[in-house]
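# Descriptive structure summary
As a plain string of letters, each chain reads:
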There are 2 protein chains.
Amino acid sequence: MALTLATRMSHLEASEIREILKLTARPEVISFAGGLPAPELFPIEEIKEAGRLVLEEAGASALQYTTTEGLAALRAWISERMNRRVGTHYTADQVLITSGSQQAIDLSGKVFLDEGDVVVCESPTYLAAISAFKAYACAFAEVETDDDGMVMEDLERVLKTTKNCRIIYTVPNFQNPTGRTWSTERRKRLAELAAEYQVAVLEDDPYGELRFEGDFLPSVKSFDEAGVVLSLGTFSKILCPGMRIAWIAGDAELIRQYVLVKQGTDLQCNTMAQMEIVKYLERNDIEAHIARIRETYKRRCHLMLKCLGEELPGNMATFTRPQGGLFVWVELPPDINARDLLLKCLEQNVAFVPGGAFFPNSRKENTFRMNFSNMPEERIIEGVRRLGVALRTM
Amino acid sequence: MALTLATRMSHLEASEIREILKLTARPEVISFAGGLPAPELFPIEEIKEAGRLVLEEAGASALQYTTTEGLAALRAWISERMNRRVGTHYTADQVLITSGSQQAIDLSGKVFLDEGDVVVCESPTYLAAISAFKAYACAFAEVETDDDGMVMEDLERVLKTTKNCRIIYTVPNFQNPTGRTWSTERRKRLAELAAEYQVAVLEDDPYGELRFEGDFLPSVKSFDEAGVVLSLGTFSKILCPGMRIAWIAGDAELIRQYVLVKQGTDLQCNTMAQMEIVKYLERNDIEAHIARIRETYKRRCHLMLKCLGEELPGNMATFTRPQGGLFVWVELPPDINARDLLLKCLEQNVAFVPGGAFFPNSRKENTFRMNFSNMPEERIIEGVRRLGVALRTM
């Protein structure tokens, strides 16, 4: 190909997860690789009924163009629920509907990043956020992370010594990939430091509702007096991901900038999907639905932790103990490369995501991510058993 | 707001059309401003039935994540139809499903444009393409255009004398905003020049199916021996825009780059919407449906041209005579500013889009765009009558 591509194209690689997912699409594979919700919990009948009613009542307007900002009723529901759940004070017009949280991350890159600007993130961080930001030719600063979230002294050091920090990207609840949750104190301190150094915070919270033990904690946004924190949320994990309906909320003036950028990017989100979700929420008890998801994920998570404890030799692996979400994070001795382990596992039809790609700079290859939400219990038992066998041969 | 935004944000403005559309949402306004298809032609019952069947047959997989590339069956239908209609030779895997053609334009900016690179376009050109490209901090080179499309001598001059031309953006059928259609000879010559100068061509064809008189012409892509032309198409104008399902097709290696970029941008398009369209296409005769759209738009277009001829003083306005699509383009004497005319018209509850914003550099303010697809016939008559009154007072 002789056409000249943009410089950014030389930084992009195919998402490791999505490439692995292609390998693992065969039904015989026990895959802990994806971040897929349990499809058997999707409220298919309720969504079918919502779809029928929307087309009956709204008719052609469900199929026509709508505003870039998104459906007013949906934005109102989102702001009210956030205010009740996580201590924010949003109005409906501070919410922009996005095509998945992935788009909210991409739009953030467009709004904030010039070439060479720095995104500050947890080490490790969400893989697809790295891909999204890389398209804006940014650099990354990884912040040391422990069981309570980012280490604040290290964050302050980074902010103090790094020029052009523009975004601090975080997943404070049941983080992807580690499953870890930030303490309240760290959330408060993050809001203070972001205000002091005037850096935007993206508080990405796809899993916050999926807490199956311990107490719900206030959001970083609830401590934000300077208007520098933006909240990302999604229906992907509490309803279904196929509709691609998510949101970003924040300071009104900032959200206006996002609307401007979304106009040029894809005009608007699917009209019908937005109306269907509003109709679903009117007619169904989403609390009860989310409670069922939590119950299932709790069982699967506990089972996976039990199996990992039994099957992985104690001197060979440590792993996190999430209180919610979709993921467990495993660390091996420094000389074992999780990619080699994956190759062995794939021979046994078991898959996971090697951890290296979750570190934008440091690439710790002795780590991997296990998803527990998507596999039924008997497959979790069998899959971790095979993983243990593979690991012991190394 | 003290946060530092990306430099690109200083180039972006709210889309003039979408701002005008907000003003014209009141039902008493006769709006020729939008580019909306006629909602009374949306096949609501058929789409309702398709939705029901998809959830009945595919169940949870209709609500789950799917591939970035899009649904295989949909990509196959698109490639076959293009090959039959416009002389291309695409395979299904050369097609990427996008969230509207707007996203295909945005992704093209991401794939091809570094800061300062040049997008070559018709003068005037599609407003929202200008917004999309501007986010990549590019420059524009406008090419002189007549009733047969871009003037090839002027295009060659631009390509010869301009550094870093990366994209030639065109709408060869019933162009937005002018309604003009390129001759076959110019299409062929464009493919030759693009190959010679190694510049990618975006052949954006949202309206090609909506030809209500004259012969269908071969696509620019059908003359492309060098693999430099990309084809953009959409279901927005032949089915409905609210689903946000469109596509880009091209050289396989190039499309792989687009897939990579779309992964980071929004992962994938709405799963359910893709399945619904496939189901709709299986169960319904889209040819008959498109024939009904053509028939309606033809009537509305002819009526609008007749009214413009009667109501606009001959020495005050010239206008194009489209053979398809959605738009007529009006040119006034150089000393009349269409923005002033719009203000007068808005007092009479009539709206259109002033033409200046369709020129990325030259801004000819004595022009405006009229949409004929979205208004019923009695409102076209009354709206153009009021337009004539307003114009005569100037």
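Everything below is about the structure shown above.
A brief look at the structure comes next. (Residues numbered from 1 in each chain as written. Chains lettered and ligands numbered in written order. Predicted model: local features only at pLDDT ≥ 70, side-chain atom pairs only at ≥ 80, totals over all residues. Heavy atoms only, no water.)

All right, on to the state of the cysteines then. Within this structure, the stated rule accounts for zero disulfides over all chains. Here Cys269 of chain A stays free of any disulfide, with the sulfur of Cys269 of chain B as its closest cysteine sulfur at 11 Å. Residue Cys269 of chain A is classed as buried on the basis of its relative accessible area, which comes to 4%. The thiol of Cys307 of chain B is unpaired, and the distance to the nearest cysteine sulfur, on Cys301 of chain B, comes to 11 Å. (Disulfide = S-S within 2.5 Å. Buried < 20%, exposed > 50% of the residue type's maximum accessible area, 1.4 Å probe, protein only.)

As a general feature of sheets, a regular strand has side chains that alternate between the two faces. Residues and elements named next belong to chain A. Within strand E8 (residues 200-204), five of the five residues are buried, which leaves it mostly tucked inside the rest of the structure. Looking at chain direction, strand E7 (residues 165-170) and E8 are connected through four bridges and run parallel. For Ile167, the partnering residue across the bridge sits in E8 and is Ala200. Once the chain exits E7 it traverses helix H7 (residues 184-197) before rejoining the sheet at E8, and the crossover so formed is right-handed. (Helix = DSSP H or I, 4+ residues; strand = E, 2+ residues; numbered from the N terminus. Pairing = 2+ DSSP bridges. Right-handed = clockwise from strand over helix to strand, strands pointing away.)

Time to look at the packing of helix H10 (residues 286-311) of chain A against helix H12 (residues 377-392) of chain A. Residue and element names in this part refer to chain A. Relative to each other, H10 and H12 sit at 25°, their axes nearing to 9 Å. On the basis of the axis angle, H10 is roughly parallel to H12. The crossing of H10 and H12 is right-handed. Between H10, through Arg299, Arg300, Leu303, Met304, Cys307, Leu308 and Glu311, and H12, the contact on the second element is made entirely by Glu377, Ile380, Ile381, Val384, Arg385, Leu387, Gly388 and Arg392. (Axes fitted to C-alpha atoms, helices over the stretch in contact; angles between N-to-C directions. Parallel < 35°, antiparallel > 145°, perpendicular 65-115°, else oblique. Left-handed = near helix turned anticlockwise from the far one by under 90°. Contact = heavy atoms within 4.5 Å.)

The next point concerns the interface of chain A and chain B. Between chain A and chain B, the residue contacts involve 80 residues of the former and 80 residues of the latter. Regarding the contact of chain A and chain B, the summed buried area is about 6700 Å², with carbon and sulfur atoms giving 59% of it. Linking chain A with chain B are four salt bridges, by the criterion used here. We note a salt bridge from Glu56 of chain B to Lys48 of chain A, for which the minimum N-O separation is 3.4 Å. (Buried area = accessible area lost by both parts, 1.4 Å probe. Salt bridge = Lys/Arg side-chain N within 4 Å of Asp/Glu carboxyl O.)

The next subject is the relation of the copies chain A and chain B. Put simply, the second copy of the chain is the first one after a rotation about an axis and a shift along it. Once turned by 180° and shifted 0.0 Å along the axis, chain A lies on chain B with an RMSD of 0.0 Å. Taken together, the rotation angle and the small translation identify this as a two-fold axis. (Least-squares fit on C-alpha atoms with pLDDT ≥ 70 in both.)

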